[in-house]
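# Structural description and commentary
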Amino acid sequence: MKPTKPRLNAREVVNDIRSGMSDEKLMAKYGLSAKGLTGRRGTSPEERCRRAWWQTRRRREDERILREAMDIIEEANLAPGTKPFVLAREGWHPGVIGVVAARIVEKFHRPAILIACEDGAGRGSARSVEGFDIFQALTECKSYLTEYGGHKYAAGLSILCDNIPAFTEKFQIVSEPLLTFEVLEPKLNIDAVIDIEQ
């Protein structure tokens, strides 16, 4: 008689992930393959469970990278001042760094570039603030980049990790005259004004 797979329950899977259970134990417990974990199609309980697993792991990775990025900012005393952030590290997931860059922009209201390095090559994600064209700034630094693309508020790039220090210096020089007080001052956009007495 063939053994049956344990019935999948999304809440139980998420709790197991949060408890720190290893991927190997999780796959053995639920009878899933690593390939199966990334499945996104379908609405069966098993597919919903796989999505919950994947989303929870992605959120955990997001939180880890944000913690490490904030550690870099604190250790290098980068928070004071007006310079844009250029942060790089081995072991960051290139599919998550854009979300983390956006969170850093939201916290400090300054442009941020995060670069995930692996085997000497870096993949970066850039986010900006209103009034600062980050794509144009990257264009002025393109001699340090392998490739880049995007628009004024968000961009992606590839770079040799050895070029990151020189790129950072050039990017900050290019950005300095453009990051005025008016640009760096957080703004509150009001969609409509209502009369609370009505």
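We now turn to the structure provided with this report. (Residues numbered from 1 in each chain as written. Predicted model: local features only at pLDDT ≥ 70, side-chain atom pairs only at ≥ 80, totals over all residues. Heavy atoms only, no water.)

Our next topic: the overall build of the protein chain. Each helix and strand in the protein chain was counted, giving eight helices and five strands. Its helices and strands in sequence order give the protein chain the pattern α-α-α-α-β-α-β-β-α-β-β-α-α, from N to C terminus. Out of the 198 residues belonging to the protein chain, those deemed buried represent 37%. Counting only contacts in the protein chain whose residues sit at least 6 apart along the sequence, the fraction spanning at least 24 positions is 55%. Entry remark: accessible area of the protein chain is about 12,500 Å², with carbon and sulfur atoms responsible for 51%. (Helix = DSSP H or I, 4+ residues; strand = E, 2+ residues; numbered from the N terminus. Buried < 20%, exposed > 50% of the residue type's maximum accessible area, 1.4 Å probe, protein only. Contact = heavy atoms within 4.5 Å. Areas by Shrake-Rupley, 256 points an atom, 1.4 Å probe, with all protein chains shown as cover.)

Another point: the pairing of strand 3 (residues 121–127). Each regular strand shows side chains that alternate between the opposite faces of the sheet. Note that strand 2 (residues 112–118) and strand 3 share seven bridges and pair antiparallel. Directly across from C117, in strand 3, lies its bridge partner G122. Turn length for the strand 2-strand 3 hairpin, with the two strands adjacent in sequence and antiparallel, is two residues, and the turn residue D119 shows positive phi of about 55°. (Pairing = 2+ DSSP bridges.)

Okay, the nonpolar core next. If you look at the biggest cluster of nonpolar residues, it comprises 39 residues, and the most contacted ones within it are L87, W92, I104, I113, L114, F167 and F171. Considering every element that reaches this core, the biggest residue donor is strand 2, with six residues. Aside from chain neighbours lying at most four places away, what touches I104 is L66, A69, I73, F85, L87, H109, A112 and L114. (Core = buried A, V, L, I, M, F, W, Y, C linked by side-chain atoms within 4.5 Å.)

Let us now look at the packing of aromatic side chains. Under the defined criterion, the tally for this structure stands at four aromatic pairs. Between F167 and F171, the ring centres sit 5.7 Å apart and the planes meet at 25°, which makes this aromatic pair stacked. Taken together, the residues span about one helical turn, with F167 and F171 both in helix 7 (residues 164–175) at a distance of four residues. Under the relative-accessibility criterion, F167 is labelled buried at 0%. Looking at F171, the relative accessible area reads 0%, which means it is buried. Members of the aromatic cluster, joined through ring pairs, are F132, F167 and F171. Between the NZ or CZ atom of K107 and the centre of the ring of F108, over which it lies, the distance is 5.7 Å. (Phe/Tyr/Trp six-rings, centres within 6.5 Å; stacked < 30°, edge-to-face > 60°. Lys NZ or Arg CZ within 6 Å of the ring centre and 35° of its normal.)

Here strand 4 (residues 147–150) pairs with strand 5 (residues 154–160) via four bridges, running antiparallel. Residue pairing in the sheet places Y148 in a bridge with L157 of strand 5. The hairpin turn running from strand 4 into strand 5, its antiparallel successor, is three residues long.

Let us look at the sheet that holds strand 1 (residues 85–90). Pairing in this open sheet of five strands is mixed, and the strands run 1-2-3-5-4 from one edge to the other. Pairing within the sheet leaves two strands with one partner each, and these edge strands are strand 1 and strand 4. Each neighbouring strand pair of the sheet contributes to a mean axis angle of 15°, computed without reference to strand direction. Pairing of strand 1 with strand 2 involves six bridges; the strand directions are parallel. (Axes fitted to C-alpha atoms, helices over the stretch in contact; angles between N-to-C directions.)

Looking now at the environment of V174. Note that V174 resides in helix 7. With a relative accessible area of 10%, V174 lands in the buried category. The contact partners of V174, leaving out residues within four places of it in the chain, are A137, E140 and C141.

This part is about the environment of E68. For E68, the position within the fold is in helix 4 (residues 45–75). We classify E68 as buried; its relative accessible area is 18%. Each C-alpha atom of the pair E68 and L87 lies 9.8 Å from the other, and the pair is 19 residues apart in sequence. When sequence neighbours within four positions are dropped, the list of residues in contact with E68 reads R89 and W92. Among the polar contacts listed, one links the side chain of E68 to the side chain of R64, at a separation of 2.9 Å. (Polar contact = N/O pair within 3.5 Å; in protein donor to acceptor, adjacent residues only side chain to side chain.)

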